[in-house]
Amino acid sequence: MKKIKIADGIHMLSMNVEDMLFEGIWEIANGVTLNSYIVKGDKTAIIDGVIGWDGVPETLYKILGEIDVDPKEIDYLIVNHMEPDHSGWIESFKKINDDFTIVCTDKAAKLVTSFYGDEENIRVVKEGDTLNLGKGKKLSFHPVPNVHWPDTMYTYESDTKTLFSCDMYGAFGKMDEHHFDDEMTDEEIEFFEDEGIRYFSNVMGTFAPMVKKAIKKSKELDIDIIAPGHGPIYRQNPQKIMSDYSRFCKYSSGSGKKEITILWGSMYGMTKKAVDFAETVLEREGLKVNSLEMPLESESEMVATVFKSAGVIIAAPTYEYKMFPPVAAAIEELGRKKITNKVAFRFGSYGWSGGAERELKEIIERNRMKWDFVEMVEFEGAPKSEDFNKIEEGILKLLENMKDKTI
Ligand SMILES: Cc1cc2nc3c(=O)[nH]c(=O)nc-3n(C[C@H](O)[C@H](O)[C@H](O)COP(=O)(O)O)c2cc1C
Ligand SMILES: [Fe+2]
Ligand SMILES: [Fe+2]
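Residues numbered from 1 in each chain as written. Chains lettered and ligands numbered in written order. Predicted model: local features only at pLDDT ≥ 70, side-chain atom pairs only at ≥ 80, totals over all residues. Heavy atoms only, no water.

## Thoughts on the coordination of the iron ion (ligand 2)
Each donor-metal-donor angle would ideally measure 109.5 degrees in four-coordinate tetrahedral geometry, or 90 or 180 degrees in six-coordinate octahedral geometry. Coordination of the iron ion (ligand 2) by the protein comes from H81 (NE2), E83 (OE), H148 (ND1) and D167 (OD), over a distance range of 1.9 to 2.2 Å. Viewed at the metal, the 4 donor atoms of the iron ion (ligand 2) are separated by angles of 86 to 166 degrees, and the geometry they form is irregular. Sequence spacing of the donor residues for the iron ion (ligand 2), all on one chain, is H-x1-E-x64-H-x18-D. Distance-wise, the iron ion (ligand 3) is placed 3.5 Å from the iron ion (ligand 2), both being coordinated by D167. Pair noted here: H81 is in the loop between β7 (76-78) and α2 (84-87) and D167 is in the loop between β13 (162-166) and α5 (186-204), with a separation of 86 residues, a long-range link. Each member of the pair, H81 as well as D167, carries the same accessibility label: buried. (Donors = N, O, S within 2.8 Å, 3.2 Å for Na, K, Ca; no water. Tetrahedral: all angles 85-135°; square planar, octahedral: opposite > 155°, others 65-115°. Helix = DSSP H or I, 4+ residues; strand = E, 2+ residues; numbered from the N terminus. Buried < 20%, exposed > 50% of the residue type's maximum accessible area, 1.4 Å probe, protein only.)

The structure is reproduced here in structure tokens:
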């Protein structure tokens, strides 16, 4: 865990986490940071805590000592969001400090009690409520419900115009030496933009309509610094992460980069022959192609890659009268993440009955995904030259449909 000074009396405490499945599902190839913040006036507040893993709270206490904060004398615990990646340490904290006030929304208060036991010292806050810490440090609270969980709020510090945004404006990716946008190289900026896409699509995508409202709410505040619960701090250009998040909301509802993702699976290589052919056509047409072979690809990568692409090709054979299960499961997952309105094309091999196409339509329908498919191509066994011709036609039609979706 590291301490990083943001301004007089304000520090970030950040730890890199690797080798874990985020939310118990997402394989995060490049790690993630968990950021906690200390604001010190006459009174001291900690905004979002740390995860409750063995040894983590103790490390936090030690680092607090290095910035002259005695954890026993922390007055306020601001819980922007009760998910245990930000609050798990409360159990440990209660053992060393019995005189602190939890500040949170009414929905978070209920969760705090159900997760960590009866709490008497909770102050429930509503939109615009303030807390004066002294020495010029004044906090205000701004609920952004259903930005991940129903309980979430922003905390804003008016002296430094800092927005502590919790899960909003977060990104995966661990931080080494650089923590502020103005310290980062162009490669690091690009890295965190990609990790932002992966985080947004994996964790926040389902809540895109609420994220849009939260973007609007942040634009109503006068912000110099955005300090999220995961990922870098934006102080040179806080507008960048706001406009990135607006764009990510559009990816969620069908727009994307000028890229095609082929989401495919093949048991004995028949469908793969057509995938290889499709790749050569797309390369000839100058398109960036992302090839995701299921089930070899991680869920996290799969969701992020389809999410950011303006065009999608599904290539999967029939398996026991339905679609090859790893590809079917991937599409179900995209449905849960509410990735809607993509333009798409599907082809695949079958042996005697087919069935993949019917199941694909059912999945798209059931999840109300509203994907716009060009006519699908099914072929018996290995693809023949007439199948390749139909696939090429389908791809050219897809490229045409993609034009309106590319941003
Ligand atoms: C386990 C298994 C189940 C299958 N079930 C069906 C089926 O229900 N209906 C059908 O038309 N073909 C079925 N097939 C045949 C495949 O769809 C066919 O072999 C196809 O060419 C496989 O394409 P691939 O090599 O790209 O996996 C099945 C094949 C396997 C191995
Ligand atoms: Fe969360
Ligand atoms: Fe989080």
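## Things to note about the environment of D85
Considering the arrangement of structural elements, one finds D85 in helix α2. In this structure the C-alpha to C-alpha distance between D85 and G52, which are 33 residues apart in sequence, comes to 7.6 Å. Setting aside anything within four residues of it in sequence, one finds D85 in contact with F22, L34, G49, V50, I51, D167 and H230. Separated by 3.1 Å, the side chains of D85 and H230 make a polar contact. (Contact = heavy atoms within 4.5 Å. Polar contact = N/O pair within 3.5 Å; in protein donor to acceptor, adjacent residues only side chain to side chain.)

## So, the packing of aromatic side chains
A full pass over the atoms with the stated rule returns 20 aromatic pairs. Between F93 and F100 the ring centres are 4.7 Å apart and the planes differ by 50 degrees, which places this aromatic pair in the tilted class. Ring geometry for Y319 against F324: centres 6.3 Å apart, planes inclined by 65 degrees, an arrangement best described as edge-to-face. Counting every residue linked through ring pairs, the aromatic cluster contains Y169, F200, Y245, F248, Y251 and F307. (Phe/Tyr/Trp six-rings, centres within 6.5 Å; stacked < 30°, edge-to-face > 60°.)

## Quick word on the UniProt feature "domain: Flavodoxin-like" (unreviewed entry) in the chain
Look at the UniProt record and you will see "domain: Flavodoxin-like" (unreviewed entry) annotated at residues 260-399. Summarising residues 260-399: 45% helix, 26% strand, and an end-to-end C-alpha distance of 9 Å. (UniProt positions renumbered as here; feature names shortened; annotations may be inferred.)

## As for unusual backbone geometry
The omega torsion of the bond from M294 to P295 falls at 10 degrees, within 30 degrees of zero and hence cis. Relative to the assigned elements, P295 resides in the loop between β16 (288-293) and α9 (299-308). One non-glycine residue with positive phi stands out, namely N146, at about 65 degrees. Inspection of the secondary structure puts N146 in the loop between β11 (137-143) and β12 (153-157). According to the relative accessible area criterion, N146 is partly exposed, its value standing at 30%.

## Digging into the sheet that holds strand β10 (residues 130-134)
The strand order across the open sheet formed by 5 strands is β10-β11-β12-β13-β14, and the pairing between neighbours is mixed. Only two strands of the sheet have a single neighbouring strand rather than two, namely β10 and β14 (225-228). Geometrically, the sheet is characterised by an average inter-axis angle of 20 degrees between neighbouring strands, direction not taken into account. Where helix α6 (residues 208-219) meets the sheet, its contacts fall on β11, β12 and β13, and the angle it forms with β12 comes to roughly 15 degrees. (Pairing = 2+ DSSP bridges. Axes fitted to C-alpha atoms, helices over the stretch in contact; angles between N-to-C directions.)

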